[in-house]
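A closer look at the structure
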Amino acid sequence: MMEAELHKGSCRCGAVRFEASAEPHHVSYCHCADCRKATGAPVSAFVGFHENEVEFSGKGPKTFQNGPVTRGFCGICGSPLYYVDARLPGEIYFMLGAMEQPAYFKPTLHAYVHEQLPFVHMPDGLPRHLKSSVPRPDNGTVK
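All values reported here derive from a predicted model rather than from experimental measurement.

What counts as what
- Residues numbered from 1 in each chain as written.
- Predicted model: local features only at pLDDT ≥ 70, side-chain atom pairs only at ≥ 80, totals over all residues.
- Heavy atoms only, no water.
- Pairing = 2+ DSSP bridges.
- Helix = DSSP H or I, 4+ residues; strand = E, 2+ residues; numbered from the N terminus.
- Buried < 20%, exposed > 50% of the residue type's maximum accessible area, 1.4 Å probe, protein only.
- Disulfide = S-S within 2.5 Å.
- Salt bridge = Lys/Arg side-chain N within 4 Å of Asp/Glu carboxyl O.
- Polar contact = N/O pair within 3.5 Å; in protein donor to acceptor, adjacent residues only side chain to side chain.
- Phe/Tyr/Trp six-rings, centres within 6.5 Å; stacked < 30°, edge-to-face > 60°.

Focus on the sheet that holds strand E7 (residues 69-73)
Judged by pairing direction, the sheet is mixed, and its 7 strands sit side by side in the order E6-E7-E8-E9-E4-E3-E10 without closing on themselves. At either margin of the open sheet sits one strand with a lone partner, and together these are strand E6 (62-66) and strand E10 (110-111). For strand E8 (residues 80-85) and strand E9 (residues 91-95), the ladder comprises 2 bridges, and the chain directions are antiparallel. Looking at the pairing, Tyr83 lines up with Tyr93 of E9.

Below you can see the structure in the form of structure tokens.
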């Protein structure tokens, strides 16, 4: 029996580390304004796992809550690491750039393209969702 591949990641300084023991269930780009503010980037990319497949080590991440969304980041270097959404119980979405092997995780779609900045051009042929690509019970606009 083969052991599952571990997908590892960390913040920039290495104080907060994590690993997932399974393949992601979701890999996507997000163009929403909330993700832009949280990351400082014109577009974000996320890798989604089930929370029970993830373990943290090192220092615990700090968090910031905005409505149903909690974002995790390193309290030392400030690197954005993940978000969880109370409307999506048991799921955690890591910043693709926080993964040790980011090239392994190829996004499969774009979300919130109605908020995409006009100068961002990504002609990759991937499906483009006007809003969320992940159904949320209340169809809220908070990401």
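Notes on the side chain of Thr70
For Thr70, the location among the structural elements is in strand E7. Judged by its relative accessible area of 18%, Thr70 falls in the buried class.

Overview of the environment of Tyr83
Residue position: Tyr83 is located in strand E8. Separated by 22 residues in the primary sequence, Tyr83 and Phe105 have C-alpha atoms spaced 17 Å apart.

A word on the state of the cysteines
Applying the stated rule across the entire model yields 0 disulfides. For the unlinked cysteine Cys11, the closest cysteine sulfur is that of Cys74, found at 3.6 Å.

Here we look at the pattern of salt bridges
Under the defined criterion, the tally for this structure stands at 2 salt bridges. For Asp34, the salt bridge is made with Arg71, and the minimal N-O distance between the two is 2.9 Å. Taken as a pair, Asp34 in helix H1 (residues 33-39) and Arg71 in strand E7 lie far apart in primary sequence, 37 residues in all. Overall, Asp34 belongs to the partly exposed group, its relative accessible area being 23%. The buried category is assigned to Arg71, whose relative accessible area is 13%. A salt bridge links Arg87 to Asp85, with the shortest nitrogen-to-oxygen separation between them at 2.7 Å. The two residues Arg87 and Asp85 agree in class, both being buried.

Some details on the side chain of Asp85
Tracing the sequence through the fold places Asp85 in strand E8. Within the local environment of Asp85, its side chain forms a polar contact with the side chain of Arg87, the two groups lying 2.7 Å apart.

A word on the packing of aromatic side chains
Within this structure, the stated rule accounts for 10 aromatic pairs. Pairing Phe56 with Phe94 gives two aromatic rings, centres 6.0 Å apart and planes at 45 degrees, and the pair type is tilted. Residue Phe56 is located in strand E5 (residues 54-58), and its partner Phe94 is located in strand E9; the two are separated by 38 residues in the primary sequence. By way of ring pairs, the aromatic residues Phe18, Phe49, Phe56, Tyr82, Phe94, Tyr104 and Phe105 are connected into one cluster.

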